[in-house]
Structures are given as C-alpha cells and as structure tokens.
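Understanding the architecture of this molecule
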Amino acid sequence: MISEKTLQHPVLVLMTFVLLGLTGIFTMSKTSLSLMPDVDMPYLMVSATYTNAGPESVEKSVTKIIEDTLVSVSGLKNLDSTSMEGRCQVSMEFNYGTDLEIAANDVRTKLSRITSRLPDDVQPNVFKMDANSRPILRIAVRGNRSADDLKQIADNYIVDVLEQADGVGEAKSSGGRTKIVRVEIDQNRLQAYGLTLSQVASSLSKQNIEIGGGQITEGQKDYSVRTTGEYKSIEEINNTVVTTKNGYDVKVMDLGKAFMGYKDSSSEVYINGEPGVYVSITKQSGENTVSVANAVYKKMESLKETLPSDITMEVVRDDTDAIRDTLNTLY
C-alpha cells in the first residue's frame, strides 16, 4: 500500500526526502562540537594565602579552621586539604545532583563567619571546577629575543587580539617575566637613617594614590574634583621623601634606587628545551570548540601584519585535532 502511494506521488516523496536532508544539514551546521560533553563537576576548591608562613603554621592557623567549618556543608561527600608554605587548598567533592551554585553560596556564608578567627590578611576564595577552564589551544611565541621580551610582546600585541575572536573566554600568556618598577634599598643606608623596609613601602604607597574630592557647583556647572598623586616617572619615585631627619628630607635615592625591571620568576616555561613563551586559549562555556579554534586561527593570520618581523606564532597544542579526527571518522 505504501509502495503504491510512493509510486503514484514520486515528486512528493522526493521533496520530503530533500526537506529531511536539508533539515539534517542545517542541524549539523548548528551542532556544538566538543570531544567531551559539558558537565558540571561536583567539586569546589577553597584556597587561602598565608604569606611567609610554614606548612605547620598554615595547617594549624588556617587549614584546620576551614576544614572544621566546611565539614557540615550539605551534600558533601569527601573533603581533602593540602597545606604548603604560604598557602593551603581544600578540595570538596559533592554527591552527584548537588546544586553547586547553592553549595558555593553555603560555603561562602560559612567562610564569612570565621574571618575573625583567621590571621590578618587571610581571605579564603572559593572556586568552581569547570571542565571548560582547560585551554583548547597553546600558541608558542618565537623570535630572536629573550623570554622577557617575548612576554611583553605577547601581552602588548597578541593576547588582546586573540581574546576578540568569537567564542574565546580568555587568552593568557605564560613564560618570561612581567615588567614592573623595582625599588632596591641598601640595608646599610637603611640602618644609618634608622628606617625599616615597611616604613619605606608605607611612604611610597601613601604618596602613590589618586583620591576623588567630590564635586563643586558653580552656577549651572558641576566640577569633579580629584587629587592626582600617582607616580608618572621613575624620577618621581627616586625623589619621594620617606622621612625627615634633623631637617634633612630623606629620599628614596638616599636609600637605594628605583628602576624598570622584572618580577621575580616563580616558574619557567620551556618549549623544546628552550626558555619560551606561549599563549593559552580558553573557550567560553557552551561554545563550539572547533569554531572557536578556527576563529583563533583567523586572528593569528591577521596578527602577522602587525607583529615585529622576527616574531612568529606556532600552535604547539590543539585539542581540536582529536575532535576533527573523530568527526572525520563519523562522517
């Protein structure tokens, strides 16, 4: 019966299958492509920094207090902690099905109640474990320059442009050292003037501020008033008066010197055995992984016109390769 009607209306049947085919093509083009599905991992992480404290002090003064407070959180399955020099981490595993937003709010509420019991300046932070927080691309920045110079080029030229690609959540550079203003103080000069490093640091911070001064109304005009006190040059820092001794203004240059330098290195990045710099790309939650990678590749092509001639970019890791291979096999 069905076969007879099919033969009697071949155009209708053909149009039906064409419509189904077009629907399938449209659906495939709109389908999000990822190697693994987006899932909410039932984990929360609490971290706290206790500067210059040893592991035992961190355990006693911070970790133990946080553990005792969080052990009663609803839906908690396991709680593990690690104490190390200067900081601690508390990992919380919840039962599947637990609403992590509610759990995170519960954790923050409990932590806010123990602030007075923790050492000064110790502020616990709550992080949600997100499968989308893993980078999908790593791009090595190469050139006949030091890793510090490559870091500056990556931050000034590359990171901001790649973050503009569709679907990119974050572009972050790793390796090299960040350029900063350094102030080096001679210990002997410090003792000669009877000063401490904390006094010098306090004096610099108090004179490097910009404060709003409210508004002044004159007729029909309103004026905003602010005090501009931020440093604009290295010379201003060196001429900063720290204190006055016997009528003499003791300046930073009398104790040491300020200059442009780099942050102390806390980690090193090596690419093929050589110190280097790379930019990692993280996609936004729910975005098509392959489409985001393609958008980043296009931005990389446009960057070639603005980068210094000796600077090149090379993708050293692309998580979408596995997705593309799997899709080719599926097709």
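Data block above holds the structure.
Reading guide: rules and limits
- Residues numbered from 1 in each chain as written.
- Predicted model: local features only at pLDDT ≥ 70, side-chain atom pairs only at ≥ 80, totals over all residues.
- Heavy atoms only, no water.
- Pairing = 2+ DSSP bridges.
- Helix = DSSP H or I, 4+ residues; strand = E, 2+ residues; numbered from the N terminus.
- Polar contact = N/O pair within 3.5 Å; in protein donor to acceptor, adjacent residues only side chain to side chain.
- Contact = heavy atoms within 4.5 Å.
- Patch = residues over 30% accessible without salt bridge, like charges linked within 9 Å, V, L, I, M, F, W, Y side chains within 5 Å.
- Areas by Shrake-Rupley, 256 points an atom, 1.4 Å probe, with all protein chains shown as cover.
- Salt bridge = Lys/Arg side-chain N within 4 Å of Asp/Glu carboxyl O.
- Buried < 20%, exposed > 50% of the residue type's maximum accessible area, 1.4 Å probe, protein only.
- Lys, Arg positive; Asp, Glu negative; His and termini not counted.
- Charge placed at Lys NZ, Arg CZ, Asp CG, Glu CD.
- Phe/Tyr/Trp six-rings, centres within 6.5 Å; stacked < 30°, edge-to-face > 60°.
- Lys NZ or Arg CZ within 6 Å of the ring centre and 35° of its normal.
- Axes fitted to C-alpha atoms, helices over the stretch in contact; angles between N-to-C directions.
- Expected span 1.5 Å × (residues − 1).
- Arc of directions from axis to C-beta.
- Core = buried A, V, L, I, M, F, W, Y, C linked by side-chain atoms within 4.5 Å.

Quick word on the pairing of strand β3 (residues 87-94)
- Here strand β2 (residues 76-84) pairs with β3 via 8 bridges, running antiparallel. Paired with threonine 82 across the bridge in β3 is glutamine 89.

Topic: the side chain of serine 173
- Positionally, serine 173 belongs in strand β6 (residues 168-174).
- A distance of 3.0 Å separates the side chain of serine 173 from the side chain of lysine 151, its partner in a polar contact.
- Beyond its immediate sequence surroundings of up to four residues, serine 173 is in contact with Lys151, Ala154, Asp155, Val159, Tyr278 and Val279.

A look at a nonpolar patch on the surface
- A surface patch of nonpolar side chains, about 400 Å² in accessible area, is lined by Leu14, Val18, Leu22 and Ile25.
- Since its relative accessible area comes to 58%, isoleucine 25 is described here as exposed.

Some points on the pattern of salt bridges
- Per the counting criterion, the structure on display carries 7 salt bridges.
- Between lysine 77 and glutamate 93 there is a salt bridge, with the nearest N and O atoms lying 4.0 Å from each other. Taken together, the residues span a long stretch of sequence, with lysine 77 in strand β2 and glutamate 93 in strand β3 at a distance of 16 residues.
- The exposure class of glutamate 93 is buried, given its relative accessible area of 18%.
- Of the charged contacts in the structure, one is a salt bridge between lysine 304 and glutamate 301, with a shortest N-O distance of 3.2 Å.
- Looking at lysine 304, the relative accessible area reads 56%, which means it is exposed.

Quick look at a negative patch on the surface
- On the surface, Asp155, Asp160, Glu163 and Glu170 cluster together into a patch of negative charge.
- By residue number, the principal contributor to the negative patch is helix α5 (residues 147-163), which donates 3 residues.
- Checked against the element boundaries, aspartate 160 lands in helix α5.
- A relative accessible area of 46% places aspartate 160 in the partly exposed class.

Re the packing of aromatic side chains
- Under the counting rule described, the total for this entry stands at 0 aromatic pairs.
- Directly above the aromatic system of phenylalanine 259 lies the positively charged group of lysine 257, at a separation of 5.4 Å from the ring centroid.

Re the side chain of serine 280
- Inspection of the secondary structure puts serine 280 in strand β15 (residues 277-283).
- Classification of serine 280 as buried rests on a relative accessible area of 9%.
- Every residue in contact with serine 280, bar those within four places of it in the chain, is listed here: Pro135, Leu137, Arg138, Glu170, Ala171 and Lys172.

A word on the sheet that holds strand β16 (residues 312-318)
- The sheet built from 4 strands is open, its strands ordered β6-β15-β5-β16 with antiparallel pairing. Sheet topology places β6 and β16 at the edges, where each strand pairs with a single neighbour. The sheet shows a mean angle of 25° between the axes of neighbouring strands, taken without regard to direction.
- Bridge count for strand β5 (residues 137-142) against β16 is 6 bridges, and the pairing is antiparallel. Among the inter-strand pairings, alanine 140 is bridged to a residue of β16, identified as glutamate 314.

Some thoughts on helix α4 (residues 100-112)
- Counted at 1.5 Å a residue, the expected span for α4 with its 13 residues is 18 Å, and the 18 Å between its end C-alpha atoms agrees.
- Among the residues of α4, those classed as buried are Leu100, Ala103, Ala104, Val107, Lys110 and Leu111. Seen along its axis, α4 keeps its buried residues to an arc of 125°; they face one direction.

Thoughts on the nonpolar core
- Ile158, Leu162, Val279, Ile281 and Val296 are the most contacted members of the largest nonpolar core, which totals 26 residues.
- Those elements giving two or more residues to this core turn out to be β5, α5, β6, β15 and α10 (289-303).
- Per-element accounting of this core gives the leading share, 7 residues, to α5.
- In this view, leucine 162 contacts Ile139, Val168, Ala171, Val279, Ile281, Val296, Lys299, Met300 and Leu303; residues no more than four positions away in its chain are not counted.

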